[in-house]
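What follows is the residue order along each chain.
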Amino acid sequence: MFTLRPAAPLLVVVLLAAAARLPRSASDPGDELCLTRLSESLQDPGRRLSNWNRSAFAAPCNGFTSSLSGATCTNGRIYKLSLSNLGLQGTLPANLANCTSLQALDLSANALTGPIPPDLQGLVNLAVLNLSSNRLSGQIPPQLALCAYLNVIDLHNNLLSGPIPQQLGLLVRLSSFDVSNNRLEGQIPGSLANRTGNLPRFNASSFEGNKGLFGYPLAPMKSKGLSVLAIVGIGLGSGLASLVLSFTGVCIWLRVTERKLVMEEGKISQLMPDY
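Reading guide: rules and limits
- Residues numbered from 1 in each chain as written.
- Predicted model: local features only at pLDDT ≥ 70, side-chain atom pairs only at ≥ 80, totals over all residues.
- Heavy atoms only, no water.
- Core = buried A, V, L, I, M, F, W, Y, C linked by side-chain atoms within 4.5 Å.
- Buried < 20%, exposed > 50% of the residue type's maximum accessible area, 1.4 Å probe, protein only.
- Helix = DSSP H or I, 4+ residues; strand = E, 2+ residues; numbered from the N terminus.
- Contact = heavy atoms within 4.5 Å.
- Disulfide = S-S within 2.5 Å.
- Salt bridge = Lys/Arg side-chain N within 4 Å of Asp/Glu carboxyl O.

## Some details on the nonpolar core
Inference 1: Trp52, Leu81, Ile164, Leu168, Phe177 and Phe207 are the most contacted members of the largest nonpolar core, which totals 54 residues.
Inference 2: Counting only elements with at least two residues in this core, the list comes to α2 (29–41), α3 (54–58), β4 (71–74), β5 (77–82) and α4 (190–193).
Inference 3: A total of three residues in this core trace back to one element, the largest contributor, which is α2.
Inference 4: The contacts of Phe207, once residues within four sequence positions are left out, are Ile164, Phe177, Val179, Ser180, Ile188, Phe202, Leu213, Pro217 and Leu218.

Next up, the structure:
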């Protein structure tokens with residue numbers, strides 16, 4: 001009696017072999033340009049991104065996986081770059097905006113310098129932007145408000161200056177916002193400080209460490225002018241000083257007057273005849 005061997009194992013082997021022969025999906029031209037320019041603008045002293053090269057940029061995604069360190073794909077597109085705490089140096093290129101499917105960009109805890117490119121407005125799907133703990137300078141670009149899906153903006157511990165753009169208050173999905181420990185100045189926009197309805201509100205820790213920044217929810221700034229007590233004290237001190245000077249002047253006048261009188265009496269006594 002003949003028995004049939006199950007064909008399932010053989011079928012699996014055939015399918016795996018066929019899948020291995022399939023070419024990897026070609027990179028989206030925008031992703032390739034984005035990754036190329038980012039690699040060119042970064043210095044990697046620790047060689048933590050040793051597999052970031054042009055050949056890998058040509059096909060960085062294989063379905064949902066990527067051969068690039070710190071990159072994650074979905075449907076053949078780069079949707080997450082997590083490159084935090086790698087000792088990276090350099091600047092942020094404008095061509096980051098070409099990764100149009102990018103939903104999360106984390107370059108925190110590196111040594112990046114220069115400005116935040118306004119071109120990031122092209123990341124229309126971006127939900128998380130974390131550039132904290134670098135040495136980024138310049139102003140926060142108001143164009144970030146065009147990234148309508150932003151949930152997280154973390155820019156703390158940088159060298160950013162200027163005002164906080166009021167336009168950022170228009171991001172209705174924004175649930176986490178931190179610009180503490182920078183060099184920002186001006187009043188905190190009411191659209192961020194006094195959010196209404198179901199919009200998340202941000203406490204003072206989101207804004208602390210900026211000497212020129214003021215307004216709610218920060219504590220009132222200490223007046224650089226004189227306090228009321230100081231003014232009263234100065235007034236009393238001035239009055240007392242005036243009183244002392246006046247009294248001293250009167251005493252001197254009396255002493256001079258007394259001497260004059262004594263001298264006059266002496267003159268008169270010399271002119272009086274003896275009897």
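## Some remarks on the state of the cysteines
Inference 1: The full count for this structure, using the stated rule, is two disulfides.
Inference 2: Between the sulfur atoms of Cys34 and its disulfide partner Cys99 the distance amounts to 2.1 Å. On the sign convention where negative means left-handed, the S-S torsion of about -105 degrees between Cys34 and Cys99 marks this disulfide as left-handed. One end of the pair, Cys34, is in helix α2; the other, Cys99, is in the loop between β6 (89–90) and β7 (104–106), with 65 residues separating them in the sequence. Summarising the burial analysis for this pair, Cys34 and Cys99 share the class buried.
Inference 3: The disulfide bridge from Cys61 ends at Cys73, spanning 2.0 Å between sulfur atoms. On the sign convention where negative means left-handed, the S-S torsion of about -75 degrees between Cys61 and Cys73 marks this disulfide as left-handed. With Cys61 in strand β2 (residues 61–62) and Cys73 in strand β4, this pair connects stretches of sequence that are twelve residues apart. The same class applies to Cys61 and to Cys73, which are both buried.
Inference 4: Along the chain, the cysteines engaged in disulfide bonds are linked according to the scheme 1-4, 2-3 when indexed in sequence order.

## What to know about the pattern of salt bridges
Inference 1: Within the structure shown, the criterion is met by four salt bridges.
Inference 2: With its nearest N and O atoms 3.6 Å apart, the salt bridge here joins Arg77 to Asp28. Of this pair, Arg77 sits in strand β5 while Asp28 sits in the loop between α1 (8–21) and α2, and the two are 49 residues apart along the sequence.
Inference 3: On the accessibility criterion, Asp28 (26% relative accessible area) is partly exposed.
Inference 4: Ionic pairing is found between Asp31 and Arg77, a salt bridge with its closest N-O pair at 2.8 Å. Of this pair, Asp31 sits in helix α2 while Arg77 sits in strand β5, placing them 46 residues apart in sequence.
Inference 5: Since its relative accessible area comes to 1%, Asp31 is described here as buried.
Inference 6: Judged by relative accessible area, which is 17%, Arg77 ranks as buried.
Inference 7: Several salt bridges converge on common partners, so that one network encompasses Asp28, Asp31 and Arg77.

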